[in-house]
Each structure stands twice: as C-alpha cells, then as structure tokens.
Amino acid sequence: MAEIVGSGLTDSRADAAAGRAGIWRDGWIASLAWLAAAAITIGLPDVIPWGSRDLFAGLLLGGAALFALLTAATWRRGGPGERLRHAGPWFIALGVWLALWELSTAKLGWLPKPFFSPPQGLLHVYVTDWQRLGICVLYTLRLWSIGFAAGVAVGFVIGVGLGWSKRFAYWGMPVLKLIGPVPASAWIPCTFFFPTTFHASLFLVGLASGIPVIILTAAGVQQVSRAFYDVARTLGATERFLVLKVAIPAALPNVFVGLFMGLYASFAVLVVAEMLGAKYGLGWYLQFQTAYSAYVNVYAALIIIALLCAGLVKLLFMVRDHVLDWQKGIL
Amino acid sequence: MALPLAAAPARAMALGFSDVSLGFALKDRLLPVLEGIDLAIAPGAFVALLGPSGCGKSTLLRLAAGLERPTRGQVLEDGRPITGPDPRRILVFQDPTLFPWRSVWKNVAFGLEARGLLPAEKGRVDAALALVQLGGFAEAHPHQLSGGMAQRVALARALVNDPELLLLDEPFGRLDSLTRLTMQTELLALWRKVGFTALMVTHDVEEALLLADRVIVLSDRPARIVAEVTVQKPHPRRRDDAELIAQRRFILEKLGFGAEV
C-alpha cells in the first residue's frame, strides 16, 4: 500500500517538473559555451600548433549540437531527463573550461610547452597512440585483477581464521601487527627472489590489498554478537555451519570496508609496481613518457588511470550494495 | 494434539535439575549464581520461573539449553545428563536475535538447514510461519518487522524444529503491554496445540499465573527455590480471578513486596 502512495507522489512531482520543462536553460547555455570553445579553436590563429585541432573543434561542435537537440526534445518524468538536467551546470562549466584551456595554451601561449598542452594535444595522443595505450590498459588490468583477487581471497581466509580460532590468532596476530603497518612499496627491494618482475608486482598488489582485508575481516568475525552463536548452537549448528552461516555473513559489512581500503591500497602500489621494469602497463607508460618529457602523454595516461580507478570503485560499490542488500533500511 | 508440521506426533521432554549449583569465575573469586536447585518438570508441563532481576533465572535456562555446564549437580533430559546444545531443547531470548542478513523465511529455516534437513522439509518452514500467522512476511527482512512480529518469527524459528522443550527467557519483556497480551494468548495456544514442555523466565507475576501450571519463585543471588505455586485454574484464565489474585499476593510476598502491594 505504501508503494502505491509513494509512486503517486513521484508522479505528481514528475508532472510538475514536466510543467516547467518547456525550456532547459542550462542546455542552451552549455550549447553556447561549447560553440564558443569551437569558434575559439578554429577561428583564432595558433601560437603553438598541435595535431588533431580540427577533430577537437568538430567534437566541440558536435557537443554543442547535441545539447541544442536535447534542449529541444521534451523530457517527461524522472530517469535520464532528470539526470541530464541535474548535470546541466557541469556541461556549462566543461565548455567554459575547455574554451579557457584552449585560449591559455594554443592561442595565447601563456602556459608553455612541453609542460602544458592544449586539449587537442591530449586528443592527439589518444588518436595516434591508442594501440599502445590500449595494450598498457590491458596489462595494468591483468596485473590488478590477478593481484587484487589473490590478495583479497587469501586475506579473507586468513582474516576469518584469525577472528575465529584463538590458537591461530595467538600465532598470527603478532605477525600481522608487525607486518601490517609496513607500506607494501617498502617490500620492493625484497622482491628479487621472484622469477619475473610480473610475479613481484603481483605480490606487491596482493599484499597491499590483502592486509586491510585480513585486519577488517578478523575484527568483523570477533565482533559478532555471542547471542547469534547461542541461538545458532541451540538450533543445532555445527562449528563449520557457525563459521559459514553466522560468523562470515555477520562480518561481511566489515569485510567490505576492508575491501575498499584494499582497493585504494592496490591502486597506490599498482603504478609503482609497474615501474619495476615491466614491459607494458600504465605505470610503465608514465615513466617511459616522463623520460622523454612527453607530458601530454603523461596527462593522457593519468586521465585513463583516474577513469579506471573510479570505475573499479564504482563496481565494488555495486557489488557491495547487491551483497549487503539486507542492510538497506538499517543504516 | 500433534504438531501440524511433524509427520510423527511431537514428544515432550522431562527436565530435571538435581542439586544444581553454578558459579562464575570472576577475577579474584567465584560468584555463586545458583545454589542447590532441585526441580523436576513433567513432560508437557508449563513452568514459570519468577525471581528478582539478576538472580540467575536466565542461567537456569542456559543450563537446560546446554549452553552452560553446572559446577555441581546434574541437569537431566528424560533422565540423561545434558552435555551440550541440542535442537530438541530450544531457547527463545528476550531479544528475538533474528539474523539480520536472512529473510524471515531463511531465519525460520536456519535450524533445518543446519541439520541438513531443509531440502526435504521446506514445507515445514511455511507451516511454522503460518502457525505464527506470518505467512505473508516470508520474504521480509528482520528490520522491517515490529517487535511482536520479530518475536513471533523467533518462536517459529524454534517451533519448526519440533522442540520437546521450549525455553523462554522473558520472551515478551520488550513488547508493549497490548502486544504482550496478544502474544501470551498465542503462546498458550501454541503450547496446547503442539504439546512441548515449556520453561519460561519472567518477572511479570500476572503473566506467570496466566500461562503456567507451576510457578517457581527464586531467591536473590545465589538463587534458591523459595516457593512453588501450582495453578489449577483451567484455561482460559481471567486476570481478575479471585484465586489467581490470592496466589499473586502470595508470590509477591515471597518476592519481598508484601507490604507495598
């Protein structure tokens, strides 16, 4: 019944929104800003010429046209239209920022080469070097996914053991307290015994992501209320069942905190690990291009790294929301 | 009457405490909690334990559940010593203690799942939910339930295992007074329908007299049995029944509230 009342409310709100939906003002302004950026790019002479200028201008024009079209279309109810409206100020800011960036680099030359590049410089990197960048992304993803998965899996098992078994905790906790705080990158000099640098990198990524998972999982299992165990035991649960069906599910919220910490820690060592003499990978790419003072390529790779990391964080959030569905309404 | 969930008619358990004492080890000394408890409960009886707060009533239940061991004496089920928890003896706590990550259905199914019986006996979970009138809430999560509903789920989670002994630790202590009245009636109906032995801790004298055949009054810690009242009034009982009021006064006097009430 609550659902019907709820949807009724959203309907009336959406209708009200549709009522004033006549003009998407931000859309028009964004379109104009992008148009201005395109005009600056094509119209003014270049102080510092770069490749892909016309492609960049074309993209700006395309953006301006798209915003104009979206503005003309009528959007009803929530969903994509609502989200588009919400992002309106960002579209404007993006257009203004691209115009200023273009002016200050390619057109006026205030920000000098090679440390700064106009937007079309970045675009040019993607256009000309996309194959190598693509390979680097795949290498980095391979390193991250194997290292993170292995570190998290091992960390989870050790964490459950430390949290559950007093004897295991007696021997394991002091070791964990000693090793845990050491930054993973401090182990780099000790990775000589791995057969390849790839294995060494895997070890570093795994270690960085595993340690927080161990700590948070162990704490989570230890914090489970004794009442849950009492109930489960009177209902006939064996020790194995207690671990799998009470201790672990009860500790999962904590485990996910550990997973997020491990995720950030894994990013931190990922790039460093790839600078250990890897043949490909985004970390290697950064180092390689810095050596040639190709800062445009560095920026281009940094943007990819940012998108990649943000995407993985988002992915973990989605997994968490799915697994910890039962927490909705408690928190 | 047989439990509608079970293939075979439910059995009830005889419970015995034979000179049971229990102390908890504190840092520097032994804290005596129970002292020389002798109590025999017949199969199918409904017994209430009354006593001052913190006197060790709950410990008595934990002993019967097999969650604690006595320091002296023996706790007996059908004449055999109790050595550990067993789903034939189930404890229902004051707090429903539902597993928040499990749906209502899966909470009720916990005991069957733990013993590997679930694949064959899924229908019993539905029957247990129907028994406590929560058939429509199978997919809800515990945090979506009211206090009374949560406690009914806890009862269903116990009853689905066909317990021969149901141990109730102030099961309605956290409920508002109206919900408590409803739940008392429901518990009584379940007990009469299913036929398990019931041992309930409460500090509500009226509740004890309304539900139980026998009311055992315990002293302050270390707990000893100071009085026992047999309630012969047939169900349904009226709160304002003269005989029950007289028994209530007697019990309150034993608990040390003679003059004030």
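Residues numbered from 1 in each chain as written. Chains lettered and ligands numbered in written order. Predicted model: local features only at pLDDT ≥ 70, side-chain atom pairs only at ≥ 80, totals over all residues.

A. Focus on helix α6 (residues 166–179) of chain A. Residue and element names in this part refer to chain A. An ideal rise of 1.5 Å per residue puts 20 Å on 14 residues; α6 measures up with 20 Å between its terminal C-alpha atoms. At G172, α6 shows its maximal bend, which comes to roughly 35°, and the proline P174 appears one to four places after that position. Counting buried residues in α6 gives 0 out of 14 residues, a small share hidden from the surface. (Helix = DSSP H or I, 4+ residues; strand = E, 2+ residues; numbered from the N terminus. Expected span 1.5 Å × (residues − 1). Bend = angle between axes of the 7 residues up to and from the residue. Buried ≥ 20, exposed ≤ 12 C-beta atoms within 10 Å, placed from the backbone.)

B. Structural detail: the interface of chain B and chain A. At the junction of the two partners, chain B supplies 20 residues and chain A supplies 14 residues. Only β6 (89–92) and α3 (110–114) of chain B provide two or more residues apiece to the side of chain B that touches chain A. Broken down by element, the residue count for the side of chain B that touches chain A peaks at 3 residues, all from α3 of chain B. Here the side of chain B that touches chain A is composed, by residue class, of 12 nonpolar, 6 polar and 2 charged. (Contact = placed C-beta atoms within 7 Å. Nonpolar A, V, L, I, M, F, W, Y, C, P; charged D, E, K, R; others polar.)

C. Local environment of the packing of helix α3 (residues 53–72) of chain A against helix α5 (residues 119–164) of chain A. All names here are of chain A. Direction vectors running N to C along α3 and α5 enclose 105°, while the axes themselves pass 9 Å from each other. The angle between α3 and α5 falls in the class roughly perpendicular. Each of R53, L55 and F56 in α3 lies in contact with α5, whose residues at this interface are P119, Q120, L123 and V127. Its residues assigned to classes, the contact of α3 with α5 shows 5 nonpolar, 1 polar and 1 charged. (Axes fitted to C-alpha atoms, helices over the stretch in contact; angles between N-to-C directions. Parallel < 35°, antiparallel > 145°, perpendicular 65-115°, else oblique.)

D. Main features of the sheet that holds strand β9 (residues 214–218) of chain B. All names here are of chain B. Taken in spatial order, the 6 strands make up an open sheet running β6-β7-β8-β3-β9-β10, and their pairing is mixed. Taken across any chain shown, the strands that pair with only one partner, and hence form the sheet edges, are β6 and β10 (225–230). Strand-to-strand twist in this sheet, taken as the mean axis angle between neighbours without regard to direction, amounts to 15°. Direction of pairing for strand β3 (residues 46–50) relative to β9: parallel, over a ladder of 4 bridges. Counted as the bridge partner of V47 is R214 from β9. Here helix α8 (residues 242–254) sits on the sheet in contact with β3, β9 and β10, set at roughly 175° to β10. (Pairing = 2+ DSSP bridges.)

E. Up close: the packing of helix α5 (residues 147–159) of chain B against helix α6 (residues 177–194) of chain B. Residue and element names in this part refer to chain B. Contact geometry of α5 with α6 gives a least axis separation of 11 Å together with a crossing angle of 15°. In terms of orientation, α5 lies roughly parallel with respect to α6. Classified by chirality, the crossing of α6 by α5 is right-handed. Between α5, through G147, G148, Q151 and L159, and α6, the contact on the second element is made entirely by T179, T182, M183, L190 and V194. (Left-handed = near helix turned anticlockwise from the far one by under 90°.)

F. Molecular detail of helix α4 (residues 122–131) of chain B. Residue and element names in this part refer to chain B. All of the buried residues in α4 are R124, V125, A128, L129 and L131. Here the buried residues of α4 occupy an arc of 155° about the axis, which is enough to place them on one side. In this structure, the buried residues of α4 make contact with α2 (104–108), α3, α5 and α6. (Arc of directions from axis to C-beta.)

G. Inspection of the sheet that holds strand β2 (residues 30–41) of chain B at higher detail. All names here are of chain B. Judged by pairing direction, the sheet is antiparallel, and its 4 strands sit side by side in the order β2-β1-β4-β5 without closing on themselves. Strand pairing shows two members of the sheet lacking a second neighbour, β2 and β5 (80–81), which therefore form its edges. Direction of pairing for strand β4 (residues 72–77) relative to β5: antiparallel, over a ladder of 2 bridges. Along β5, the bridge assignment pairs E77 with R80.

H. A look at the environment of G210 of chain A. Along the chain, G210 of chain A falls in helix α7 (residues 197–222). Once residues within four sequence positions are removed from consideration, G210 of chain A is found in contact with G151, V152, V154, G155 and G262 of chain A.

I. Molecular detail of the confidence of the model for chain A. Of all residues in chain A, 91% have pLDDT values of 70 or greater, and the mean over the chain is 86. Predicted confidence for residues 1–20 of chain A stays below pLDDT 50, and this span has 4 contacts to residues more than four positions away or in other chains. (pLDDT = per-residue confidence, 0-100.)

J. Quick peek at the nonpolar core. If you look at the biggest cluster of nonpolar residues, it comprises 147 residues, and the most contacted ones within it are L50, A156, L167, L199 and V215 of chain B. Take this core: its biggest share by element is 15 residues, from α7 of chain A. When residues of this core are sorted by domain, at least three fall in each of domain 1 (10–107) and domain 2 (126–324) of chain A. Excluding anything up to four places from it in sequence, L50 of chain B contacts T202, H203, V205, A208, V215, I216, V217, L218, I251 and L255 of chain B. (Core = buried A, V, L, I, M, F, W, Y, C linked by C-beta atoms within 7 Å. Domains from an automatic or database assignment.)

K. The arrangement of the environment of R88 of chain B in detail. Residue and element names in this part refer to chain B. With respect to the helices and strands, R88 occurs in the loop between β5 and β6. The partly exposed category is assigned to R88, around which 17 C-beta atoms lie within 10 Å. Sequence spacing of R88 and E77 is 11 residues, and the spatial spacing of their C-alpha atoms is 10.0 Å. In this view, R88 contacts M13, P163, E164 and L165; residues no more than four positions away in its chain are not counted.

L. Representation of the environment of L55 of chain A in the model. Residue and element names in this part refer to chain A. Here L55 lies in helix α3. L55 gets classed as partly exposed once you count the C-beta atoms within 10 Å, which come to 14. For the pair formed by L55 and V127, sequence separation is 72 residues and the distance between their alpha carbons is 9.7 Å. When sequence neighbours within four positions are dropped, the list of residues in contact with L55 reads L123 and V127.

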